[in-house]
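Structural description and commentary
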Amino acid sequence: MKPSIDGTEFGSITIAGVRYENDVVIRLHGKVKKRKKKLSKAKYGTSHKVSLEEAEHIFEAGAKRLLVGTGQSGCVELSDEAAEFFRQNGCAVQLLPTPQAMTAWNARRAP
């Protein structure tokens, strides 16, 4: 079962009762991993634009959907190359401000 996202505020997210004070990726099997935003920052000077290199790291074979929390105020975006990479791999991407992404995630995991 995928973990529930319990809450989010600027600088943290709580997943399955554990508070994380860094950006995270929830893998297909439900494991929470730290986001490797340095891959994007090295290319764009900011982690607010997801690079192709980070997209390749995030993507897992077989994924059909990716839900991206774009921060409390919705600042994160995909680069054109990252968007094309996900499209070519048949993975639909939904970008939402993190509070809305939390609601969408929890609704999708409900039985």
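Remember, predicted model here, so these are calculated numbers, not experimental data.

1. Re the overall build of the protein
What the protein contains, in helices and strands, is four helices and nine strands. In terms of overall size, the protein behaves like a compact globule, its C-alpha atoms giving a radius of gyration of 13 Å where 111 residues would be expected to give roughly 13 Å. C-alpha atoms of the protein, sized along the principal axes, occupy 35 × 30 × 20 Å. Sorting the 111 residues of the protein into buried and exposed places 33% on the buried side. Total accessible area on the protein stands at roughly 6,800 Å², and carbon and sulfur atoms take up 52% of it.

2. Focus on the sheet that holds strand β3 (residues 18–20)
Strand order in the open sheet formed by three strands is β1-β2-β3, with antiparallel pairing between adjacent strands. The open sheet is flanked by β1 (5–9) and β3, the only strands paired with a single partner. Between one strand axis and the next, the sheet turns by 15° as a mean value, whatever way the strands run. Relative to strand β2 (residues 12–15), β1 runs antiparallel, the two sharing four bridges. By the bridge assignment for β2, I5 is matched with I15.

3. So, the packing of aromatic side chains
Two descriptors summarise a pair of aromatic rings, namely the distance from one centre to the other and the angle between the planes of the rings. Scanning the entire structure with this criterion turns up three aromatic pairs. When the centroid spacing of 5.7 Å and the interplanar angle of 90° are considered together, the rings of F59 and F85 count as edge-to-face. Residue F59 is found in the loop between α2 (52–58) and β7 (65–69), and its partner F85 is found in helix α3 (residues 80–88); the two are separated by 26 residues along the sequence. For the pair formed by F59 and F85, the shared burial category is buried. Seen from their ring centres, F85 and F86 are 5.6 Å apart, and the 70° between their planes marks the pair as edge-to-face. The rings of F59, F85 and F86 are connected pair by pair, giving a single aromatic cluster. The ring of Y44 has K49 sitting right over it, with the charged end atom 5.3 Å from the ring centre.

4. Concerning the pattern of salt bridges
In this structure the tally under the stated criterion is eight salt bridges. Across the pair E9 and R19 runs a salt bridge whose closest N-O atoms are separated by 3.5 Å. Here E9 is found in strand β1, whereas its partner R19 is found in strand β3, with ten residues between them in sequence. Assessed through its relative accessible area of 43%, E9 is described here as partly exposed. A relative accessible area of 47% means that R19 is categorised as partly exposed. Between R35 and E54 there is a salt bridge; the shortest N-O distance is 2.5 Å. Pair noted here: R35 is in the loop between β5 (32–34) and α1 (38–44) and E54 is in helix α2, with a separation of 19 residues, a long-range link. Three or more residues are tied together by salt bridges with common partners; here these are D23, R35, K37 and E54.

The rules behind each value
Residues numbered from 1 in each chain as written. Predicted model: local features only at pLDDT ≥ 70, side-chain atom pairs only at ≥ 80, totals over all residues. Heavy atoms only, no water. Helix = DSSP H or I, 4+ residues; strand = E, 2+ residues; numbered from the N terminus. Rg over C-alpha atoms; globule rule 2.2 N^0.38 Å. Buried < 20%, exposed > 50% of the residue type's maximum accessible area, 1.4 Å probe, protein only. Areas by Shrake-Rupley, 256 points an atom, 1.4 Å probe, with all protein chains shown as cover. Pairing = 2+ DSSP bridges. Axes fitted to C-alpha atoms, helices over the stretch in contact; angles between N-to-C directions. Phe/Tyr/Trp six-rings, centres within 6.5 Å; stacked < 30°, edge-to-face > 60°. Lys NZ or Arg CZ within 6 Å of the ring centre and 35° of its normal. Salt bridge = Lys/Arg side-chain N within 4 Å of Asp/Glu carboxyl O.

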